[in-house]
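# Summary of structural features
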Amino acid sequence: MSENQTTGRLYGVGLGPGDPSLMTVRAVECIAAADVVAYHSARHGRSIARSIAERHLRDGHIEEALVYPVTTETTDHPGGYRGAMEEFYEEAAARLAAHLDAGRSVAVLAEGDPLFYSSYMHMHKRLAHRYPTEVVPGVTSVSAAAARLGEPLVEGEEILTVLPGTLPEEELAARLAATDSAVVMKLGRTFPAVRGALERSGRLAEARYVERATMSGERTGRLADIDPSSVPYFSVAVLPSRVDAPPAPAARGEVAVVGLGPAGPRWLTPEARGELAAAEDVVGYSTYVDRVPVRPGQRRHPSDNKVESERAEFALDLARQGRRVAVVSSGDPGVFAMATAVLEVASEDPYREVPVRIVPGMTAAHAAASRAGAPLGHDYAVVSLSDRLKPWEVIAGRLRAAVAADLVLALYNPGSRSRIWQVGKARDLLLEHRSPRTPVVLGRDVGGPEESVRVVRLGELDPEQVDMRTILIVGSSQTRVVRRGEGAGEEIVWTPRRYPEV
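Rules of the game
Residues numbered from 1 in each chain as written. Predicted model: local features only at pLDDT ≥ 70, side-chain atom pairs only at ≥ 80, totals over all residues. Heavy atoms only, no water. Phe/Tyr/Trp six-rings, centres within 6.5 Å; stacked < 30°, edge-to-face > 60°. Buried < 20%, exposed > 50% of the residue type's maximum accessible area, 1.4 Å probe, protein only. Pairing = 2+ DSSP bridges. Helix = DSSP H or I, 4+ residues; strand = E, 2+ residues; numbered from the N terminus. Axes fitted to C-alpha atoms, helices over the stretch in contact; angles between N-to-C directions. Arc of directions from axis to C-beta. Salt bridge = Lys/Arg side-chain N within 4 Å of Asp/Glu carboxyl O. Contact = heavy atoms within 4.5 Å. Core = buried A, V, L, I, M, F, W, Y, C linked by side-chain atoms within 4.5 Å.

This paragraph deals with the packing of aromatic side chains. Taken as a whole and assessed by the stated rule, the structure comprises eight aromatic pairs. Here Phe88 and Tyr89 contribute two aromatic rings whose centre-to-centre distance is 5.3 Å and whose plane-to-plane angle is 50°, an arrangement assigned as tilted. Across the pair, exposure class does not vary: Phe88 and Tyr89 are buried alike. In this structure an aromatic cluster arises from ring pairing among Tyr68, Phe88 and Tyr89.

Here it is in structure tokens:
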């Protein structure tokens, strides 16, 4: 808003992580210029923010202690904790507004940065649109913790995730597994759950602990060594940069067969991201290995698409040497993919003792179905049209059984440069039992840069429009096609969950 000279000015002043010498020059200037200095405190009256800025306070300052009505204890407020805090923030903002309306400038002190997990932001949201306001950034506890550890936080193209320790343990574990570097704030009572999340995500060995960074009583160390009963609120967990740090080895060698989803990073699960980041070796078809981010110290072993058994044996041999191996597969590894090949070899000597885990991924069928609507809304069958590993007679028999049962069909591996006749054969077989008006979804490169999703009718299905990157979803007798949207231009496909009584 434009500055109104009849009111005072609001300053949100970041004080930095605790050491008064880490306050910025601008923070000191704003405190000096203010008529009123406000700060939050618990009911005991002690304010960390005030103690940081104390040397810059003067006798002429009007001090406003904004005392929380509740911190960790229970409350009898009719709105519970949230209601009590909302009422407090409204009352605190009204107190500051009275000073601003009287023409007095107000500096609200905030540890760290005013707009980073700070109580100041509650004042900002209530006052900044009404009064001239300046926010003075401060050094955050995140930067302070990394500095005190003396380890890089993020480097190159790494991703930093900042998390509140108040999240559920399962959510924390998923996010920690999926990121490169991380800082978990708000420990204290949440420390056992944070430690559990780090352990579940396989990253406890990497985790560092920083308590009261740059303040009196500072403590740092390996998080796994910290006594949970000794952890205060002003502490953080840090997962530093992985660049130049070797992947944490498993207790013994193991193989994780990881589903990458149908295409691109948006389809990758947090668990899969974590497995790829933790692996010492990545093994797979070269096209899929190329989709895995390159990490320093991690070895990559691409190979041809037709050597699945050899690839599985190679991965298991690496694991027998004590290596942590990720075998990558498009979509879900258990659907016409590498999980079966790895388990088949792992069931024989000398690999029976090698640990093997399967990490699921989004399937191509589900991805294509989501783009078209909900064609898989009722019972469906998944069939591969490839006759490379089974005779066409077996495929035809399964198609007849599925269509006789009136199942929706998801057809994988419909064709390639050397195999183009199966789609036509399958179409003709299905037409013996199903209407030519049956909707067929053609999903090609779903999620990728060349994505194409079209709906045709079974009688009009042209094999020339289908290649190995295409998946077909053939509706049942109940599958519906509806035009929706502006001008009814969008055609969606869905299969009702209710089936008519026979």
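Text resumes after the structure shown.
Spatial ordering of the open sheet is given by S17-S18-S21-S19-S20, a layout of five strands whose pairing is mixed. The open sheet is flanked by strand S17 (380–384) and strand S20 (452–457), the only strands paired with a single partner. The mean inter-strand angle of the sheet, taken between neighbouring strand axes irrespective of direction, is 20°. The pairing of strand S19 (residues 439–444) with strand S21 (residues 470–474) spans five bridges and is classified as antiparallel. When the sheet's bridge partners are listed, Gly443 is paired in S21 with Ile471.

Attention shifts here to helix H1 (residues 25–33). Of the positions making up H1, those classed as buried are Ala27, Cys30 and Ile31. Mapping the buried residues of H1 onto a view down its axis gives an arc of 100°, with all of them on the same face.

Moving on to the pattern of salt bridges. For the structure shown, the criterion picks out 36 salt bridges. With its nearest N and O atoms 3.1 Å apart, the salt bridge here joins Asp428 to Arg427. Given a relative accessible area of 41%, Asp428 falls into the partly exposed group. A salt bridge links Arg469 to Glu450, with the shortest nitrogen-to-oxygen separation between them at 3.5 Å. Linking Arg469 in the loop between S20 and S21 with Glu450 in the loop between S19 and S20, this pair joins segments that are 19 residues apart in sequence.

Time to look at the side chain of Thr7. Relative to the elements of secondary structure, Thr7 occurs in the segment before strand S1 (10–14). With residues near it in sequence (within four places) discarded, Thr7 still touches Leu100, Gly103, Tyr131 and Pro132.

Bringing the nonpolar core into the picture now. Formed by 23 residues in total, the largest nonpolar core has its most connected members in Leu399, Leu409 and Leu411. Those elements that place two or more of their residues in this core are S17, helix H13 (392–404), strand S18 (408–412), helix H14 (422–431), S19 and S21. If one sorts the elements of this core by residue count, H13 sits on top with six residues. Excluding residues that lie within four positions of it along the chain, Leu409 makes contacts with Ala381, Val383, Leu399, Ala402, Leu430, Leu472, Ile473 and Val474. In this structure, Val36, Ala93, Leu100 and Val108 belong to the second largest nonpolar core, which totals 22 residues.

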